[in-house]
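Remarks on the overall topology
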Amino acid sequence: MKRIILPFIILLSAVMLVTSCLSDTDNDVVYYSDTAMTSFTLGTLNRYYTGKNSAGTADSTYTTTVTGSDYKMYIDQKQGLVYNADSLPQGTDIAHVLCTVNSKNGGYIIIKNVDSDTLNYYSSSDSIDFTTTREFRVVANDASAYRKYMVTLNVHKEYPDSFRWYKESNQEAFEGMKGMKAVTIENRLYLFGLKDNATVAYTANADDINAGWTKLNTNKNLDADAYKNVVAQNNSLFTITAGKLIVSTDGQNWRDASDINGAVGTDDVKQLLGAGNTYMYALDADRNILHSASGGVWEQDNLADDKAQLPMDNYVVAGLKHKNDSSVEEVVLAGLPQTGNAEGDTLAVLWNKIEETKAESRTHSWNLNSEKNSYNLPAMAGLTILNYGGKLIALGGQNISAAASGSTAAFSHIYTSEDNGLTWHNDKVNVLPSNFSNSGSNVFAMTVDKENRLWIICGGNGNVWRGRLNKLGWKQQQTSFIK
């Protein structure tokens, strides 16, 4: 206890001494009783990481530096907490940290020892060990009060751009399915598949996958094409069976979409295409594209190009929020062409549209993405496209065209597009499990849940895979503090 009080006795004595020395001058010295930490800035930090040597044959340890000032330190004055919401890179050395700390009205800054009650004056030239939370104190310059702050440096424990996969329990019920589609509502997984010439449905809790999958006993018979039409929108499931658009909130109890209050045009819907963030989309009997926000009211879209060039099968839709305006969505409609021998049959068919959600926004048309380049998306069996982490990702089985002999093997990799589907690449970040197999089948389903977990369900062998890009699982800390 004496060690705690001593610094304050010394500090108070110093204040009185300075006052005495200045008493004979014409300058008045003002001392303040308020106290607060006003800023905390990290200096340059060392970072150690493992990588391949120049020959790429062995692992080596490398040292680089991290600009600490790029990682803002947030000060919660109410709770006395100081931390970096954006964690430092994995391997950053936080045992030897230089930092710059400022206080209100020149208050004195003190730091408590890690393993004792000893208090020391802070110095910007002294290295500090932040491998554990450190206690700082800011003492008013009249020594009348102090405020305590607990300072924590957050460091990532894993590499941000590394994909980690887990193989879940094998599901025999999924083996041998002739077609599949998976969707999610929040963290509830739904799988619809074709078996014995009818659509069967299963569900599972993504947060408790070990509890298993439950087969749904639907109150309506789902025909052989129902799985192709499944779309999730506004916490509801939609599909088409026996020519009727139907809706459900649990995948088991279905009703006609025409029963939705104010329903208009539900009988015009003949094929559901998919959903973006704002609307879901469909085809009518004349292959016009329709859109709906609720599934009850359907309106026709405009097409800037010939509708004869729309995909003929395996329809998928994905939407991306515009990087500079969240009220604008870039929507991609993709699918497969007629199977044939033409060179064009080796490529997927893609259309694009801009959706603006602000009041009195412009209405845009669908446009065919007709540019041919070295990075077009192949026309793969079972093609699935998703928005994952603000990028489009695509996966599929073998190329459907006979003209594609010698093309990339089925499930060779996940394709990624950062330009709304214009080009597709194997970016070596979004990667499949190293031992992924579907036992020669092209049947699979892929979906993403609310926690950014990517799910791949295999119809050939019943394998279920769960993966996530590390940085998409990191939680965001509070960075704004309002009285």
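It should be noted that the structure appears before, not after, this text.
Parameters at a glance
Residues numbered from 1 in each chain as written. Predicted model: local features only at pLDDT ≥ 70, side-chain atom pairs only at ≥ 80, totals over all residues. Heavy atoms only, no water. Helix = DSSP H or I, 4+ residues; strand = E, 2+ residues; numbered from the N terminus. Buried < 20%, exposed > 50% of the residue type's maximum accessible area, 1.4 Å probe, protein only. Contact = heavy atoms within 4.5 Å. Areas by Shrake-Rupley, 256 points an atom, 1.4 Å probe, with all protein chains shown as cover. Salt bridge = Lys/Arg side-chain N within 4 Å of Asp/Glu carboxyl O. Phe/Tyr/Trp six-rings, centres within 6.5 Å; stacked < 30°, edge-to-face > 60°. Core = buried A, V, L, I, M, F, W, Y, C linked by side-chain atoms within 4.5 Å. Pairing = 2+ DSSP bridges. Polar contact = N/O pair within 3.5 Å; in protein donor to acceptor, adjacent residues only side chain to side chain. Axes fitted to C-alpha atoms, helices over the stretch in contact; angles between N-to-C directions.

Along the protein, the regular secondary structure elements total 1 helix and 33 strands. For the protein, the proportion of its 483 residues judged to be buried stands at 47%. The long-range share in the protein, meaning contacts at least 24 apart out of those at least 6 apart in sequence, stands at 57%. Within the structure as shown, the protein displays about 24500 Å² of accessible surface, and the carbon and sulfur contribution to it stands at 45%.

Once that is clear, we can look at unusual backbone geometry. One non-glycine residue, Ala 242, lies in positive phi territory at about 50°. Position of Ala 242 among the secondary structure elements: in the loop between strand S17 (236-241) and strand S18 (244-248). Owing to a relative accessible area of 70%, Ala 242 belongs among the exposed residues under this scheme. Of note in this structure, Asn 314 is not a glycine but carries a positive phi near 55°.

For the rest of this paragraph, the subject is the pattern of salt bridges. Scanning the entire structure with this criterion turns up 14 salt bridges. Between Asp 225 and Lys 228 there is a salt bridge, and its shortest N-O distance comes to 3.7 Å. Beyond isolated ion pairs, a larger network of salt bridges with shared partners links Asp 207, Asp 449 and Arg 453.

Another point: the packing of aromatic side chains. What the rule picks out here adds up to 14 aromatic pairs. On the numbers, 5.7 Å between centres and 75° between planes, the contact of Phe 40 with Phe 136 is edge-to-face. Taken together, the positions of Phe 40 in strand S1 (residues 37-42) and Phe 136 in strand S9 (residues 134-139) put the pair 96 residues apart, joining distant regions of the chain. The same class applies to Phe 40 as to Phe 136, namely buried.

Formed by 25 residues in total, the largest nonpolar core has its most connected members in Met 37, Phe 40, Leu 42, Phe 130 and Phe 136. Elements with a contribution of two residues or more to this core: S1, strand S4 (73-76), strand S6 (99-103), strand S7 (108-112), S9 and strand S10 (146-152). Broken down by element, this core gets its largest block of residues, 3 residues, from S1. Excluding residues within four positions of it along the chain, Met 37 makes contact with Ile 75, Gln 77, Val 82, Val 101, Asn 102, Ser 103, Phe 136, Val 138 and Tyr 149. Leu 386, Leu 395, Ile 414 and Val 429 belong to the second-largest nonpolar core, a separate cluster that totals 20 residues.

With that out of the way, let us pick up the sheet that holds strand S21 (residues 280-283). Spatially, the 4 strands line up as an open sheet ordered S20-S21-S22-S23, and their pairing is antiparallel. Whereas interior strands pair on both sides, the edge strands pair on one side only; in this sheet they are strand S20 (271-275) and strand S23 (299-300). In this sheet, S23 lies alongside strand S22 (residues 289-292) in antiparallel orientation, the contact comprising 2 bridges. Residue pairing in the sheet places His 291 in a bridge with Glu 299 of S23.

Right, let's get into the side chain of Asn 376. Relative to the helices and strands, Asn 376 resides in the loop between strand S27 (367-368) and strand S28 (384-388). Given the relative accessible area of 18%, Asn 376 is considered buried. Looking at Asn 376, its side chain comes within polar contact range of the main-chain oxygen of Glu 371, at 3.1 Å. Here Asn 373 takes part through its backbone nitrogen, which lies 2.8 Å from a polar atom of the side chain of Asn 376. Those residues within four positions of Asn 376 in sequence are excluded, and the remaining contacts are Leu 347, Glu 371, Leu 422 and Trp 424.

What follows is about the sheet that holds strand S30 (residues 415-417). Spatial strand order, S28-S29-S30: 3 strands in an open sheet with antiparallel pairing. If you trace the sheet from one side to the other, it starts and ends with S28 and S30, each paired once. The sheet shows a mean angle of 25° between the axes of neighbouring strands, direction not considered. Here S28 pairs with strand S29 (residues 391-395) via 5 bridges, running antiparallel. Among the inter-strand pairings, Ile 385 is bridged to a residue of S29, identified as Ala 394.

Turning next to the pairing of S7. Along S7, 4 of the 5 residues are buried, which leaves the element largely enclosed by surrounding structure. Where S7 lies against S9, 4 bridges are found, and the strand directions are antiparallel. Looking across to S9, one finds that Ile 111 is bridged to Phe 136. Across 3 bridges, S7 lies against strand S8 (residues 119-121) in antiparallel orientation. Bridged to Ile 110 within S8 is Tyr 121. Here S7 folds back onto S8 in antiparallel fashion, the turn holding 6 residues.

Within the secondary structure, Ile 260 sits in the loop between strand S19 (254-256) and S20. When its relative accessible area of 17% is taken as the criterion, Ile 260 is described as buried. Residues Ile 260 and Gly 296 lie 36 residues apart in sequence; the distance between their C-alpha atoms is 5.6 Å. Among residues more than four places away in sequence, those in contact with Ile 260 are Phe 238, Val 247, Arg 255, Ser 294, Gly 295 and Gly 296.

Okay, the pairing of strand S5 (residues 81-84) next. In this structure, S4 lies alongside S5, joined through 4 bridges in antiparallel fashion. In the sheet register, Asp 76 faces S5, and the bridge partner there is Leu 81. Count of turn residues in the S4/S5 antiparallel hairpin: 4 residues, of which Gly 80 carries a positive phi of about 70°. Pairing of S5 with S10, which is carried by 3 bridges, proceeds in the parallel orientation. Directly across from Val 82, in S10, lies its bridge partner Val 151.

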